[in-house]
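Secondary and tertiary structure notes
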Amino acid sequence: MDFELSEDLRMIQATARKLADEEIAPRAAQVDEHKIFPMETMKKLAELGFLGFLVPEKYGGSGLGNLALVTALEEVNRACASTGVTMSVHNSLVCSPIVRFGNEAQKQKYLPRLAKGELLGAYSLTEPCSGSDAAALMTSARREGDTWVLNGTKNFVTTGSYADVLIVFVRTNPDLALKAKGVSAFLVEKTFPGFKAGKPEDKCGIRGSDTSSLFLEDCRVPAENLLGEEGKGFNIAMDTLDGGRIGIATQSLGIAQACLDAARKYARDRKQFGKPIGDFQAIQWKQAEMATELEAARLLVQRAAILRDQGRPHAKEAAMAKLAASTMANRAAKEAVQIHGGVGYTRDFPVERYFRDVRITELYEGTTEIQHLVIARHLLKGGK
Ligand code: CAA
């Protein structure tokens with residue numbers, strides 16, 4: 001067992017850190033304030049190969065895997081969580097399921113362009129009436145010759161109005177009682193007739209990322225764009241979220257690290273009662289706890305990423321990583337604001353943004369409550 005990153009991973013980390021510090025962080029406040037979708041940064045990430053970590057070399061990616069992805073993704077999220085979630089979704093929720101479930105033609109058609117950033121991806125499971133109970137989704141697909149005709153409304157789709165290709169989960173069997181077994185996955189291109197993205201949500205945090213509804217009105221999808229087997233879409237959705245949850249856990253690490261860095265600096269600079277506030281034990285303890293919880297969560301994230309890379313079971317471990325990292329990061333953001341006092345509640349200091357951004361980590365890709373449910377179900381099944 002070795003807790004050090006390999007030489008290659010350290011190089012990826014250094015490259016990501018340089019980009020994060022020199023180009024992403026300086027723009028993050030603007031991206032947040034003016035809700036600027038990080039398109040330019042996505043191009044830079046693509047140039048570095050950061051959009052193709054999960055795509056095999058044969059299809060134009062690096063194939064370096066999830067551990068490499070989380071190593072770079074933490075740095076990007078430390079600088080800007082809006083950019084971080086856009087990168088995470090593209091890699092984990094779009095490239096990954098095409099690699100794992102796509103046929104050869106689909107892989108050849110989409111993966112090289114996704115890895116190069118020529119196409120942006122999105123994943124669409126949620127609907128107005130089905131959030132945590134994802135298998136209750138109602139968007140329908142009926143077969144007409146060589147085409148599937150999709151009808152329904154999706155919401156909370158990250159990158160929904162910028163994506164060129166979207167993985168959309170719909171019901172190919174109209175019997176609602178079938179729940180998960182009636183669901184299939186499709187690769188939908190934004191140019192398909194009947195596809196329309198709605199107005200982006202005005203969010204509390206990660207304001208530079210795009211979160212939109214989708215309207216599918218007799219949207220015609222070629223039958224060859226069915227991803228995986230008909231009726232197996234829910235399994236694809238869940239397998240994909242196992243990877244996605246590692247990505248959101250990583251986002252939590254990045255935000256928490258940014259909180260700790262900001263808190264340390266402020267505690268050294270700010271003087272009260274004639275000395276830096278960092279000299280007081282109350283402030284020292286907060287930082288000690290933040291650092292300890294962050295290191296523990298990082299180990300859970302790395303373990304889940306390694307298990308996924310090894311093709312071993314990891315649904316419980318991914319849920320644990322997300323649960324631990326997101327609750328840790330929310331605590332870290334609260335304490336970082338507390339250490340800053342009143343100024344931490346103003347836009348003059350970045351902790352105010354971290355405090356808003358971090359809240360989503362306990363909500364998307366499965367709420368904290370859903371992570372508990374997933375972990376408990378695995379425990380009750382008699383696993384470790
Ligand atoms: N991998 C593969 N298959 C899985 C699986 C996994 N991890 N977990 C479950 N399945 C399979 C089951 O084996 C079962 O299939 P079979 O019948 O063939 O065996 C099928 O899926 C149904 O499983 P369940 O009976 O466990 O399903 P359920 O209805 O009880 O739901 C749930 C389980 C965990 C609650 C699930 O609904 C869930 O994860 N809910 C949260 C949804 C979520 O995370 N949404 C986020 C959307 S994306 C997003 O946030 C936006 C973004 O873009 C960032």
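Residues numbered from 1 in each chain as written. Predicted model: local features only at pLDDT ≥ 70, side-chain atom pairs only at ≥ 80, totals over all residues. Heavy atoms only, no water.

What the chain contains, in helices and strands, is 10 helices and 10 strands. At 21 Å, the chain has a C-alpha radius of gyration in line with the 21 Å of a compact globule built from 384 residues. Counting only residues that meet the buried cut, the chain has 55% of its 384 residues in that class. At a minimum sequence separation of 6, the contacts of the chain that also span at least 24 residues come to 74%. When the accessible surface of the chain is summed, it comes to about 17,300 Å², and 54% of that surface belongs to carbon and sulfur atoms. Of the charged side chains in the chain, 50 are positive and 48 negative; the average position of the first set lies 2 Å away from that of the second. (Helix = DSSP H or I, 4+ residues; strand = E, 2+ residues; numbered from the N terminus. Rg over C-alpha atoms; globule rule 2.2 N^0.38 Å. Buried < 20%, exposed > 50% of the residue type's maximum accessible area, 1.4 Å probe, protein only. Contact = heavy atoms within 4.5 Å. Areas by Shrake-Rupley, 256 points an atom, 1.4 Å probe, with all protein chains shown as cover. Lys, Arg positive; Asp, Glu negative; His and termini not counted. Charge placed at Lys NZ, Arg CZ, Asp CG, Glu CD.)

Domain parsing of the chain yields domain 1 (7-119), domain 2 (122-231) and domain 3 (234-380). Taking only C-alpha atoms, the centre of domain 2 and the centre of domain 3 are 30 Å apart. Taken together, the contact pairs 15 residues of domain 2 with 13 residues of domain 3. Of all residues in domain 2, Tyr123, Cys204 and Ile206 bury the most surface against domain 3, accounting for 40% of the area lost on that side. Counting the contacts that link domain 2 with domain 3 gives 3 residue pairs in polar contact (both at pLDDT 80 or more). Residues belonging to the side of domain 2 that touches domain 3 are distributed by class as follows: 11 nonpolar, 3 polar and 1 charged. (Domains from an automatic or database assignment. Buried area = accessible area lost by both parts, 1.4 Å probe. Polar contact = N/O pair within 3.5 Å; in protein donor to acceptor, adjacent residues only side chain to side chain. Nonpolar A, V, L, I, M, F, W, Y, C, P; charged D, E, K, R; others polar.)

Going through the model one piece at a time under the given rule, you end up with 31 salt bridges. As a salt-bridge pair, arginine 356 and aspartate 32 come within 2.8 Å of each other at their nearest N and O atoms. Taken together, the positions of arginine 356 in helix 9 (residues 351-357) and aspartate 32 in helix 1 (residues 7-33) put the pair 324 residues apart, joining distant regions of the chain. Residue classification places arginine 356 among the buried residues on the basis of a relative accessible area of 12%. Here lysine 179 and aspartate 133 are joined by a salt bridge, their closest N and O atoms 2.9 Å apart. (Salt bridge = Lys/Arg side-chain N within 4 Å of Asp/Glu carboxyl O.)

Here we come to the site of the ligand. For the ligand, the set of nearby residues contains 25 residues, the closest of which are Ser132, Lys181, Asp242, Glu365 and Arg377. The contact in question runs from an oxygen atom of the ligand to an N or O atom on the side chain of threonine 158, over 3.0 Å. Here an oxygen atom of the ligand and a side-chain polar atom of lysine 181 are 2.6 Å apart. Its free accessible area being 1,100 Å², the ligand has 72% of it covered by the protein chains. When residues of the shell around the ligand are traced back to their parent elements, those giving at least two are strand 3 (147-158), helix 6 (233-269) and helix 10 (368-380). In terms of residue count, the dominant contributor to the shell around the ligand is helix 6 (7 residues). Looking at side-chain class alone, the shell around the ligand contains 13 nonpolar, 6 polar and 6 charged residues. Counting contributing residues, the shell around the ligand receives three or more from each of domain 2 (122-231) and domain 3 (234-380). (Near = heavy atom within 4 Å.)

Another point: the side chain of histidine 314. Here histidine 314 shows up in the loop between helix 7 (281-310) and helix 8 (315-340). Of note is the side chain of histidine 314, whose polar atom sits 2.9 Å from the side chain of arginine 308. Here arginine 312 takes part through its backbone oxygen, which lies 2.9 Å from a polar atom of the side chain of histidine 314. Setting aside chain neighbours within four positions, we find histidine 314 in contact with Arg100, Asp242, Ile246, Ala304, Leu307 and Arg308.

Turning to unusual backbone geometry, a few remarks are in order. In this structure, isoleucine 206 is a non-glycine residue whose phi angle is positive, near 35°. Its location among the elements puts isoleucine 206 in the loop between strand 6 (195-197) and strand 7 (211-222). The class of isoleucine 206 is buried, set by a relative accessible area of 3%. In this structure, glutamate 365 is a non-glycine residue whose phi angle is positive, near 55°. Note that glutamate 365 resides in the loop between helix 9 and helix 10.

Residues Phe53, Met87 and Phe169 are the most contacted members of the largest nonpolar core, which totals 95 residues. Here this core gets 17 residues from one element, more than from any other, and that element is helix 6. Setting aside its immediate chain neighbours within four residues, phenylalanine 169 contacts Tyr123, Ser124, Leu125, Glu127, Leu137, Lys154, Val183, Ser184, Ala185, Gly233, Ile236 and Ala237. Core analysis: the next-biggest nonpolar cluster, separate from the first, contains 19 residues, Ala141, Trp148, Phe186 and Ala223 among them. (Core = buried A, V, L, I, M, F, W, Y, C linked by side-chain atoms within 4.5 Å.)

Below, the discussion takes up helix 1. Between the first and last C-alpha of helix 1 there are 37 Å, a value that for 27 residues agrees with the 39 Å anticipated at 1.5 Å per step. Helix geometry: helix 1 is bent most strongly at isoleucine 24, by close to 50°, with proline proline 26 lying one to four residues after it. Where helix 1 is buried, its residues touch helix 2 (39-47), helix 3 (66-79), helix 4 (81-101) and helix 9. Positive phi shows up at lysine 35, right after helix 1, with a value of about 50°. (Expected span 1.5 Å × (residues − 1). Bend = angle between axes of the 7 residues up to and from the residue.)

Before going further, it helps to examine the packing of helix 3 against helix 4. Between two packed helices, the angle of one axis relative to the other and the distance separating the axes together describe the packing. Two elements in contact, helix 3 and helix 4, have axes whose closest approach is 6 Å; the angle formed by their N-to-C orientations is 155°. Here helix 3 lies roughly antiparallel to helix 4, going by the angle between them. Along its contact with helix 3, which presents Leu69, Ala72, Leu73, Val76, Asn77 and Ala79, the element helix 4 presents Ala81, Thr83, Gly84, Val85, Met87, Ser88, Asn91 and Ser92. (Axes fitted to C-alpha atoms, helices over the stretch in contact; angles between N-to-C directions. Parallel < 35°, antiparallel > 145°, perpendicular 65-115°, else oblique.)

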